[in-house]
Amino acid sequence: MNEAGGAPSPQPLRERRIVLGVSGSIAAYRAFEIARRLQEAGATVDVALTPNASRFAPSFTFRNLVGGVVSDDLWTTDEDPELHVALGRGADALVIAPASATTIAKLANGIGDNLPSLTALATTAPIAVAPAMDSVMFANPAVQANLETLKSREVMIVGPARGRLASGHVGLGRLAEPAEIVGATRALLGRRDGALRSRHVLVTAGGTREAIDPVRYVGNRSSGRMGFALAAAARDRGAAVTLVSTQEPPAGLYGVIVVRVETAAEMQAAVAKRREGIDALIMAAAVADYRPASVAAEKMKKEPGEAGRTLALEKTADILAEMAGAAGRRFVTVGFAAETEDLLANASRKLQAKGLDLIVANDVSAAGSGFGSETNAVTLLAPGEEPEALPLLHKYDVACTILDRVAAQLDAGPLRDGPIDAPGR
Ligand code: CTP
């Protein structure tokens, strides 16, 4: 197991059994990486290949990568004689990647003449299909009609991407990136049985940048990682997720709507615009408290003989306090308290002052914690509850604990109106 700073690697697909169906496409070799990533995410992976797929990507190689069943043969006697039934019943999800035009046609029409297509007929698990083919084939009305049929049956279609194809042409037809396909698998499972399915979660991430002049800014060390982990963990629990971020998120946040912003004012506007209908707001962003009072139109120049310069700053709006204090608020609010001293006292003061439902107290000066690190050691504080100190964990696992608390609060019943300390709450 990979460890980051002493914390175990997250396993978002722990206790899940995924059947990876592979069909005949030049992109079949990429299924090795998909299988490996699914397994690293904690899943037990079975691989069902079409006979054509095994010419591109031999089953022997998959046997060295995954712990589950690997087969390309309907007539094998070593495995279960009804292997497709066993694979279909055992699967938590079936992911067909790459899916050729022929395999897509078989899936749309209920034809089962090889292991992946028969397994698709023999399962009630959710199915994701990642097409890969030449762009002219992909645009063919027959392929498009078959994909529409699959979508109407709630099959998730992942990609394809635009780019250079095996034929040498550039177009729409490349297999989606393995990280995206794994992200899609996590979304698929979350939508089936996640604790936040049919919920909408708004997450902010990263440090804001406030311009001084066209080339300089006032900023902070936030990497956005905690916010990305929260977006992924909410998505994995089935939520519709919007991420307002100052940083480009990593690949694999499949299904998350990303809104890029730079300044505190832009973040405030983006959050206000998307607050309608949300069930939770989680502000992991490090929002600037002050911005330069005026922005120079041209790059500022040194003056000869100048010993120093004073930068006048003005206050920004407190986005979280405004959102949490809004009259009639019906969503859970979660804040972060990034501190370098008096962690719990400062965090508990912010919890109260901003009227939050939960605050994540984070000593950003501790080893393995805070900005830029893959791990975090935090304490969770909620009104009227004992603080819960979590051990040093990967940020994804911290995010999971936070979202489990959010889900429990949402399940506990409708939120009362207004901020916590307001009359009538
Ligand atoms: N926050 C916000 N808008 C701001 C400042 C902070 O929404 N202008 C949010 C942050 O996203 C975080 C929480 O408020 O969830 C606490 O942020 P933090 O910087 O720790 O606290 P401040 O309220 O800014 O107080 P101080 O800087 O004095 O510690």
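Residues numbered from 1 in each chain as written. Predicted model: local features only at pLDDT ≥ 70, side-chain atom pairs only at ≥ 80, totals over all residues. Heavy atoms only, no water.

1. Describing the sheet that holds strand β19 (residues 332–339)
Sheet strands pair by backbone hydrogen bonding; their relative direction is either parallel or antiparallel. One open sheet accounts for eight strands, arranged β15-β14-β11-β16-β19-β20-β22-β23; its pairing is mixed. The open sheet has two edge strands, β15 (257–260) and β23 (388–389), and neither has a second partner. Relative to β19, strand β16 (residues 280–283) runs parallel, the two sharing four bridges. Across the sheet, L281 pairs through a bridge with T333, a residue of β19. Strands β19, β20 (358–363) and β22 (378–381) of the sheet are contacted by helix α13 (residues 343–354), whose axis makes an angle of about 150 degrees with β20. (Pairing = 2+ DSSP bridges. Helix = DSSP H or I, 4+ residues; strand = E, 2+ residues; numbered from the N terminus. Contact = heavy atoms within 4.5 Å. Axes fitted to C-alpha atoms, helices over the stretch in contact; angles between N-to-C directions.)

2. Here we look at helix α14 (residues 395–411)
Across its 17 residues, α14 extends 24 Å between first and last C-alpha, which sits within 8% of the 24 Å expected from 1.5 Å per residue. Buried within α14 are the following residues: K395, Y396, V398, A399, C400, I402, L403, R405, V406, A407 and L410. Residue G413 follows α14 closely and has a positive phi angle near 135 degrees. (Expected span 1.5 Å × (residues − 1). Buried < 20%, exposed > 50% of the residue type's maximum accessible area, 1.4 Å probe, protein only.)

3. Some words on the packing of helix α10 (residues 225–236) against α14
Remark: α10 packs on α14, axes separated minimally by 8 Å, with the N-to-C direction vectors making an angle of 55 degrees. Accordingly, the angle class assigned to the pair α10 and α14 is oblique. As α10 packs across α14, the resulting crossing turns out to be right-handed. Residues R225, M226, A229, L230, A232, A233, A234 and D236 of α10 lie in contact with α14, whose contacting residues are K395, Y396, V398, A399, C400, I402 and L403. (Parallel < 35°, antiparallel > 145°, perpendicular 65-115°, else oblique. Left-handed = near helix turned anticlockwise from the far one by under 90°.)

4. Considerations on the domain arrangement of the protein
Domain parsing of the protein yields domain 1 (17–188) and domain 2 (196–296 + 312–411). A C-alpha centroid distance of 36 Å is found between domain 1 and domain 2. Across the boundary between the two partners, domain 1 contributes nine residues, which contact eight residues of domain 2. Approximately 680 Å² of surface area, both sides summed, lies buried where domain 1 meets domain 2, with 53% of it carried by carbon and sulfur atoms. When the buried area of domain 1 at its contact with domain 2 is split by residue, E180, R186 and A187 rank highest and sum to 63% of it. Taken together, the connections running from domain 1 to domain 2 amount to one salt bridge. Salt-bridge contacts for D236 lead to R186; the nearest nitrogen and oxygen are separated by 2.8 Å. On the surface where domain 1 and domain 2 come into contact, there are four residue pairs in polar contact (both at pLDDT 80 or more). Breaking the side of domain 1 that touches domain 2 down by element, the ones donating at least two residues are β8 (156–157) and α9 (178–193). Looking at the side of domain 1 that touches domain 2 element by element, the count peaks at six residues for α9. When grouped by side-chain class, the residues that make up the side of domain 1 that touches domain 2 number six nonpolar, one polar and two charged. (Domains from an automatic or database assignment. Buried area = accessible area lost by both parts, 1.4 Å probe. Salt bridge = Lys/Arg side-chain N within 4 Å of Asp/Glu carboxyl O. Polar contact = N/O pair within 3.5 Å; in protein donor to acceptor, adjacent residues only side chain to side chain. Nonpolar A, V, L, I, M, F, W, Y, C, P; charged D, E, K, R; others polar.)

5. Quick notes on the site of the ligand
Of all residues adjacent to the ligand, which total 16 residues, the nearest are M283, A285, F336, K350 and K354. A317 places a main-chain nitrogen or oxygen 2.9 Å from a nitrogen atom of the ligand. Taking K354, its side chain carries an N or O atom lying 2.5 Å from an oxygen atom of the ligand. Burial of the ligand by the surrounding chains reaches 78%, relative to a free accessible area of 570 Å². Sorting the residues of the shell around the ligand by element identifies α12 (319–324), β19 and α13 as the ones contributing at least two each. Sorting elements by how many residues they give to the shell around the ligand places β19 first, with four residues. (Near = heavy atom within 4 Å. Areas by Shrake-Rupley, 256 points an atom, 1.4 Å probe, with all protein chains shown as cover.)

6. A word on helix α1 (residues 30–40)
Among the residues of α1, R30, A31, F32, I34, A35 and L38 are the ones counted as buried. Its buried side turned inward, α1 meets β3 (17–22), β4 (44–49), α3 (59–65), β6 (93–99), β10 (170–174) and α9. Once α1 ends, the next one or two residues include G42, with phi positive near 105 degrees.

7. Quick notes on the packing of aromatic side chains
Under the counting rule described, the total for this entry stands at one aromatic pair. Here the aromatic rings of F32 and F62 are separated by 4.7 Å at their centres, their planes lie at 50 degrees, and the arrangement is tilted. Here the residue F32 occupies a position in helix α1, and F62 occupies one in helix α3, the gap between them amounting to 30 residues. For the pair shown, F32 and F62 are each scored as buried. When the ring centre of F331 is taken as origin, the NZ or CZ atom of R329, which lies over that ring, is 5.9 Å away. (Phe/Tyr/Trp six-rings, centres within 6.5 Å; stacked < 30°, edge-to-face > 60°. Lys NZ or Arg CZ within 6 Å of the ring centre and 35° of its normal.)

8. Structural notes on the sheet that holds β8
Taking strand neighbours across the sheet as the criterion, the six strands line up as β5-β4-β3-β6-β7-β8 in an open arrangement whose pairing is parallel. Looking along the sheet, the strands with just one partner apiece sit at the ends: β5 (70–71) and β8. Docked against the sheet, helix α5 (residues 101–109) engages β6 and β7 (127–131), running at close to 145 degrees with respect to β6. Where α9 meets the sheet, its contacts fall on β3, β6, β7 and β8, and the angle it forms with β6 comes to roughly 150 degrees.

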